[in-house]
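What the coordinates show
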Amino acid sequence: MRRWTTAVLAFLTVFVLACEEGGDSGGPAPDPPASPKGGIPSSMAALGDSITAGFGSCLSLSTCTRNSWSTGDGLRIDSHYRRLVDANPALRRNAHNLARAGARASALPDQAAGAVRHKAQYVTVLIGANDACRNAIDEMTSPADFRADIDQALATLKKGLPKARVLVVSIPDLYRLWEIGHRDERVVETWDFGICPALLANPTSTTAADADRRARFRDRIDAYNDHLAAACRKYGSRCRHDGGAAHRVRFSLDMVTQLDHFHPNVSGLNKLADVTWDASGYARAVG
């Protein structure tokens with residue numbers, strides 16, 4: 001059993017942290033039908049990484065988009081899509097999850113182009129964890145490069161989908177996962193397979209060097225979040241930021257999958273859907 005677990009977790013690490021894909025490459029989608037009530041969208045797209053793709057939430061080493069906090073249509077997830085489709089049935093089968101496991105901000109412009117091809121009327125964006133989760137601190141995406149990629153992606157959306165509503169979500173507090181998990185032997189054993197090394201390498205170490213590394217990681221996430229908020233403000237009134245709601249979630253170990261003690265499970269994904277829903281601007285219209 002331990003040998004099987006070792007092989008599985010090794011595959012997980014390679015798949016999640018090394019996989020980078022862009023957006024959908026299909027042709028243009030037909031025009032979505034008009035929204036019948038309060039501007040509720042008839043089409044939507046989710047951009048981002050493995051969190052939005054629901055990776056590991058189906059207890060398998062793969063994405064599971066039916067559990068996405070954004071576009072998920074599974075029975076166990078109260079996603080933005082499921083909250084919207086009841087009010088506008090035209091949205092059914094018009095939710096496109098373009099998020100990819102391992103994606104960094106550099107992949108976001110291509111994903112945004114995919115949202116344009118699908119003529120999405122509502123677009124969610126959650127990106128940045130993989131920009132920080134590198135093999136070493138010095139390999140993390142610089143804040144300037146991160147911001148440039150975000151600006152490029154949002155410019156693509158603004159030009160191609162000028163009437164769409166965009167929701168930019170803050171990066172969850174990954175540092176908290178270290179805080180709550182580094183004293184749990186099972187969790188540490190999993191992280192030792194290479195989960196987010198910039199933060200989780202030597203998770204039980206109390207040396208000044210390791211403490212400094214974790215602090216630098218936490219600061220980089222904060223910098224990314226500042227840029228996400230600023231980029232959304234620059235976009236204009238059609239972009240909404242979650243105000244840090246996702247980052248403020250106090251994740252517990254029962255809100256992440258036991259496959260890696262890192263990615264949100266269905267409980268964690270439902271929490272993300274809950275805390276970001278008000279920021280979408282549709283809560284009042286749906287009722």
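Quick caveat: nothing in here was measured; it's all calculated off a predicted structure.

A count of helical and extended segments in the protein chain gives 11 helices and five strands. Taken over 287 residues, the protein chain has a buried fraction of 56%. Restricting to contacts in the protein chain with at least 6 residues of sequence separation, those with at least 24 account for 74%. Total accessible area computed for the protein chain in this model is approximately 12,500 Å², and 50% of it derives from carbon and sulfur atoms.

What follows concerns the sheet that holds strand S5 (residues 239-241). The five strands lie next to each other as S2-S1-S3-S4-S5, forming an open sheet whose pairing is parallel. Sheet topology places strand S2 (95-97) and S5 at the edges, where each strand pairs with a single neighbour. Strand-to-strand twist in this sheet, taken as the mean axis angle between neighbours without regard to direction, amounts to 15°. Relative to S5, strand S4 (residues 165-168) runs parallel, the two sharing three bridges. Within the sheet, the bridge partner assigned to Val168 lies in S5 and is His241.

This next bit is on the side chain of Arg214. Following the sequence through the fold, Arg214 ends up in helix H9 (residues 208-235). Put simply, Arg214 is tucked away with no salt bridge, and the nearest opposite charge, on Asp210, sits 4.8 Å away. At 2.9 Å, the side chain of Arg214 forms a polar contact with the backbone oxygen of Ser205. The residues touching Arg214, leaving out its near neighbours within four places in the chain, are Tyr175, Trp178, Leu199, Ala201, Asn202, Pro203, Thr204 and Ser205.

In terms of residue burial, helix H6 (residues 174-181) counts as a mostly covered element, since six of its eight residues are buried. When we look at burial in H6, the residues that qualify are Leu174, Tyr175, Arg176, Leu177, Trp178 and Gly181. Elements in contact with the buried residues of H6: helix H4 (129-132), helix H7 (185-191), helix H8 (197-200) and H9.

Attention now moves to helix H5 (residues 143-160). With 18 residues, H5 should cover 26 Å at 1.5 Å per step; its first-to-last C-alpha distance of 26 Å lies within 8% of that length. Buried positions along H5 lie against strand S1 (44-48), helix H3 (108-117), strand S3 (122-126), H4, S4 and H9.

The subject of this paragraph is the state of the cysteines. One pass over the full model with this rule turns up three disulfides. One disulfide in the model links Cys58 with Cys64; its S-S distance is 1.7 Å. You can call Cys58 partly exposed: its relative accessible area is 24%. Taking the relative accessible area as the measure of exposure, Cys64 reaches 5% and is therefore buried.

Tallying each qualifying case throughout the model produces seven salt bridges. The residue Asp78 makes a salt bridge to Arg83 at a minimum N-O spacing of 3.5 Å. Given a relative accessible area of 15%, Arg83 falls into the buried group. Ionic pairing is found between Arg147 and Asp151, a salt bridge with its closest N-O pair at 3.0 Å. A residue pair is termed a helical-turn pair when its members lie 3 or 4 positions apart in one helix, as Arg147 and Asp151 do in helix H5 at four residues. On the accessibility criterion, Arg147 (17% relative accessible area) is buried. For Asp151, a relative accessible area of 22% translates into the label partly exposed.

This brings us to the nonpolar core. Ranked by size, the top nonpolar core spans 74 residues in total, and within it Leu47, Val123, Ile150, Leu157, Val166 and Phe217 carry the most contacts. A per-element tally of this core places H9 first, with seven residues. Beyond its immediate stretch of four places on either side in the chain, Leu157 contacts Leu47, Ala112, Ala115, Val116, Val123, Pro162, Val166 and Tyr235.

Further remarks concern the pairing of S4. Alternating positions in S4 separate into two faces, Arg165 and Leu167 on one and Val166 and Val168 on the other, with burial throughout. Relative to S4, S3 is paired through four bridges, and the arrangement is parallel. By the bridge assignment, Tyr122 is partnered in S4 with Arg165.

Parameters at a glance
Residues numbered from 1 in each chain as written. Predicted model: local features only at pLDDT ≥ 70, side-chain atom pairs only at ≥ 80, totals over all residues. Heavy atoms only, no water. Helix = DSSP H or I, 4+ residues; strand = E, 2+ residues; numbered from the N terminus. Buried < 20%, exposed > 50% of the residue type's maximum accessible area, 1.4 Å probe, protein only. Contact = heavy atoms within 4.5 Å. Areas by Shrake-Rupley, 256 points an atom, 1.4 Å probe, with all protein chains shown as cover. Pairing = 2+ DSSP bridges. Axes fitted to C-alpha atoms, helices over the stretch in contact; angles between N-to-C directions. Lys, Arg positive; Asp, Glu negative; His and termini not counted. Salt bridge = Lys/Arg side-chain N within 4 Å of Asp/Glu carboxyl O. Polar contact = N/O pair within 3.5 Å; in protein donor to acceptor, adjacent residues only side chain to side chain. Expected span 1.5 Å × (residues − 1). Disulfide = S-S within 2.5 Å. Core = buried A, V, L, I, M, F, W, Y, C linked by side-chain atoms within 4.5 Å.

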